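Residue-level listing of the chains:
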Amino acid sequence: MNFDRHRRLRSSAVMRDMVRETTLSKKDLIYPIFVIEQDNIRNEVPSMPGVYQLSLNMLHEELKTTYDAGIRAVMFFGIPNEKDACGTGAFIDDGIIQKATRLSKELYPDMLVLADTCLCEYTDHGHCGVLDDHGHVLNDETLPLLVKTAVSQAKAGADIIAPSNMMDGFVQAIRAGLDEAGFYHIPIMSYGIKYASAFYGPFRDAAESTPGQGDRKGYQMDPANRLEAMRELESDLAEGCDMMIVKPALSYLDIIRDVRNHSNIPVVAYNVSGEYAMTKAAALNGWIDEERIVMEQMISMKRAGADMIITYFAKDICHYLDKGVY
């Protein structure tokens, strides 16, 4: 019979491993951690089982289990005690992210710390920039505050600045500010392709950053747009970004592939809170095999072109890898 025998390369586990095109390892993972500026708090996020708001004095154990699992990159999100109109808590030297960063570098110097550089968790209105009298986010007036935030995070020891605000020109402003402050060696991992997505709902519970009025559609991207992502990519590359995040991941695998095809910088997929919550809910109901589903999701992101994945499943994935689940 004259036809191709594709099954020859699927005949055994060893054969399948040998010809596997896409791989996932612990070095690909970035673990997000929510740090709250209150003492003795370990609050599980109701919409994100297994994810916690942690006080600084509770962070030691989380960092230890993360490091022991084999993860070497964490991303901190801060929840301050006080908020104001311009997000002062984001850029003060003793801010919660700055404290968490210093603690992490003291305990685990070789663990990379990524600092989320935004104002939404620190503003009393929940938007990513300062507002005018009509509630509109002011782009250019926000940029200096983002620069101050990035510089303060770098001073605290952050290894990577990850700005997520989606203001026009934010990469250029932050790059110039870091360079002027002597942090020319600190890379920028841009959230330059960030869609106005319903998948962020649980994150806003965790970070307490839901906008008090309006929404973020005026500065985050329309989920219907694909070519616009390439314009954002081109701008951020020209402005000096070193890595590009696509957020969310699972419903935007085509965008990840586009970014991979149109650039030669590292591409990062953000497996966001809603994606995590849906998978967890289905698993807790016994509807899916969580281990296999999670690993298949991660492989889909890597196959689409992601070099790294920010995911709340990071510690679970390390456990799965140790067990040989693939």
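Source: prediction; values computed, not measured.

Criteria and cut-off values
Residues numbered from 1 in each chain as written. Predicted model: local features only at pLDDT ≥ 70, side-chain atom pairs only at ≥ 80, totals over all residues. Heavy atoms only, no water. Helix = DSSP H or I, 4+ residues; strand = E, 2+ residues; numbered from the N terminus. Rg over C-alpha atoms; globule rule 2.2 N^0.38 Å. Buried < 20%, exposed > 50% of the residue type's maximum accessible area, 1.4 Å probe, protein only. Contact = heavy atoms within 4.5 Å. Areas by Shrake-Rupley, 256 points an atom, 1.4 Å probe, with all protein chains shown as cover. 1 Å grid on protein atoms, 1.4 Å probe; cavity = no way out; pocket = protein on both sides within 12 Å on 5 of 7 lines; lining within 4 Å. Points joined across faces, edges and corners; volume = space filled by probe spheres on them. Nonpolar A, V, L, I, M, F, W, Y, C, P; charged D, E, K, R; others polar. Expected span 1.5 Å × (residues − 1). Core = buried A, V, L, I, M, F, W, Y, C linked by side-chain atoms within 4.5 Å. Axes fitted to C-alpha atoms, helices over the stretch in contact; angles between N-to-C directions. Parallel < 35°, antiparallel > 145°, perpendicular 65-115°, else oblique. Left-handed = near helix turned anticlockwise from the far one by under 90°. Patch = residues over 30% accessible without salt bridge, like charges linked within 9 Å, V, L, I, M, F, W, Y side chains within 5 Å. Salt bridge = Lys/Arg side-chain N within 4 Å of Asp/Glu carboxyl O. Lys, Arg positive; Asp, Glu negative; His and termini not counted. Charge placed at Lys NZ, Arg CZ, Asp CG, Glu CD. UniProt positions renumbered as here; feature names shortened; annotations may be inferred. Phe/Tyr/Trp six-rings, centres within 6.5 Å; stacked < 30°, edge-to-face > 60°.

### Overview of the overall build of the protein chain
Alright, step 1. When its secondary structure is counted, the protein chain shows 11 helices and 10 strands.
Alright, step 2. Here the C-alpha atoms of the protein chain give a radius of gyration of 20 Å, agreeing with the 20 Å that 2.2 N^0.38 yields for 326 residues.
Alright, step 3. Based on the C-alpha atoms only, the size of the protein chain along its principal axes is roughly 75 × 45 × 40 Å.
Alright, step 4. Expressed as a percentage of the 326 residues in the protein chain, the buried residues total 55%.
Alright, step 5. Counting only contacts in the protein chain whose residues sit at least 6 apart along the sequence, the fraction spanning at least 24 positions is 74%.
Alright, step 6. If you sum the accessible surface of the protein chain, you get close to 14800 Å²; carbon and sulfur atoms cover 49% of it.

### Regarding the layout of surface pockets
Alright, step 1. What the second largest pocket holds in volume is close to 210 Å³.
Alright, step 2. The wall of the second largest pocket is formed by 15 residues, among which Asn139, Met166, Met167, Asp168 and Glu232 lie closest to the centre.
Alright, step 3. In terms of residue count, the dominant contributor to the lining of the second largest pocket is helix α7 (residues 227-239) (six residues).
Alright, step 4. Here the residues of the lining of the second largest pocket are counted per class, giving five nonpolar, four polar and six charged.

### Focus on the side chain of Lys105
Alright, step 1. Looking at where Lys105 falls in the secondary structure, it is placed in helix α3 (residues 96-107).
Alright, step 2. Not counting residues up to four positions away in its chain, the partners in contact with Lys105 are Met111, Val113, Gly157 and Asp159.

### Regarding α7
Alright, step 1. With 13 residues, α7 should cover 18 Å at 1.5 Å per step; its first-to-last C-alpha distance of 19 Å lies within 8% of that length.
Alright, step 2. Buried within α7 are the following residues: Glu228, Ala229, Met230, Glu232, Leu233, Asp236 and Glu239.
Alright, step 3. One or two positions beyond α7, positive phi appears at Gly240, with a value near 110 degrees.

### Considering the nonpolar core
Alright, step 1. Within the largest apolar cluster, 106 residues are counted, with the highest numbers of intra-cluster contacts made by Phe76, Met189 and Ile193.
Alright, step 2. With residues near it in sequence (within four places) discarded, Phe76 still touches Ile33, Val35, Leu59, Leu63, Ile97, Ala100, Thr101, Ser104, Val113, Leu114 and Asp116.

### Brief notes about the side chain of Glu62
Alright, step 1. Following the sequence through the fold, Glu62 ends up in helix α2 (residues 59-69).
Alright, step 2. For Glu62, a relative accessible area of 11% puts it in the buried group.

### What to know about the packing of helix α4 (residues 139-156) against helix α5 (residues 170-180)
Alright, step 1. Their axes nearest at 9 Å, the elements α4 and α5 cross at an angle of 45 degrees. Considering their axes alone, α4 and α5 lie oblique with respect to each other. Of the two possible hands of crossing, α4 and α5 adopt the one that is right-handed. In this structure, α4 uses Leu143, Leu146, Val147, Ala150, Val151 and Ala154 to contact α5, whose residues at the interface are Phe170, Ala173, Ile174, Gly177 and Leu178.
Alright, step 2. Looking at the contact of α4 with α5 residue by residue, the class counts come to 10 nonpolar, one polar and no charged.

### What about a positive patch on the surface?
Alright, step 1. A contiguous patch of positive charge on the surface is contributed by Arg5, Arg7, Arg8 and Arg10.
Alright, step 2. Here Arg7 shows up in the segment before α1 (13-19).

### Some words on the UniProt feature "binding site: Zn(2+)" (unreviewed entry) in the protein chain
Alright, step 1. Here, the residues flagged by UniProt with the feature "binding site: Zn(2+)" (unreviewed entry) are Cys118, Cys120 and Cys128.
Alright, step 2. Its place among the elements puts Cys120 in the loop between β5 (112-117) and α4.
Alright, step 3. Considering the arrangement of structural elements, one finds Cys128 in the loop between β5 and α4.

### Here we look at the packing of aromatic side chains
Alright, step 1. By the definition in use, this model includes eight aromatic pairs.
Alright, step 2. Taking the centre distance of 4.5 Å and the plane angle of 20 degrees together, the rings of Tyr67 and Tyr108 count as stacked. In this pair, Tyr67 is assigned in helix α2 and Tyr108 in the loop between α3 and β5, connecting sequence segments 41 residues apart.
Alright, step 3. Looking at Tyr67, the relative accessible area reads 19%, which means it is buried.
Alright, step 4. With a centroid separation of 6.2 Å and 45 degrees between ring planes, the pair formed by Tyr270 and Tyr312 is classed as tilted. On the criterion of sequence distance, the pair formed by Tyr270 in strand β9 (residues 267-271) and Tyr312 in the loop between β10 (308-311) and α11 (314-323) is long-range, its members being 42 residues apart. For the residue pair Tyr270 and Tyr312, the accessibility class agrees, reading buried in each case.
Alright, step 5. Among the aromatic side chains, those forming a connected cluster through ring pairs are Phe34, Phe77, Tyr191, Tyr270, Tyr276, Tyr312 and Phe313.

### Structural notes on helix α9 (residues 273-284)
Alright, step 1. A rise of 1.5 Å per residue sets the reference length of α9, with its 12 residues, at 16 Å; its end C-alpha atoms lie 16 Å apart and thus fit the reference within 8%.
Alright, step 2. Taking burial as the measure, the 12 residues of α9 include nine buried ones, the bulk of the element.
Alright, step 3. Every buried residue of α9 is accounted for by Ser273, Gly274, Glu275, Tyr276, Ala277, Thr279, Lys280, Ala282 and Ala283.
Alright, step 4. Just downstream of α9 lies Gly286, where phi reads positive at about 75 degrees.

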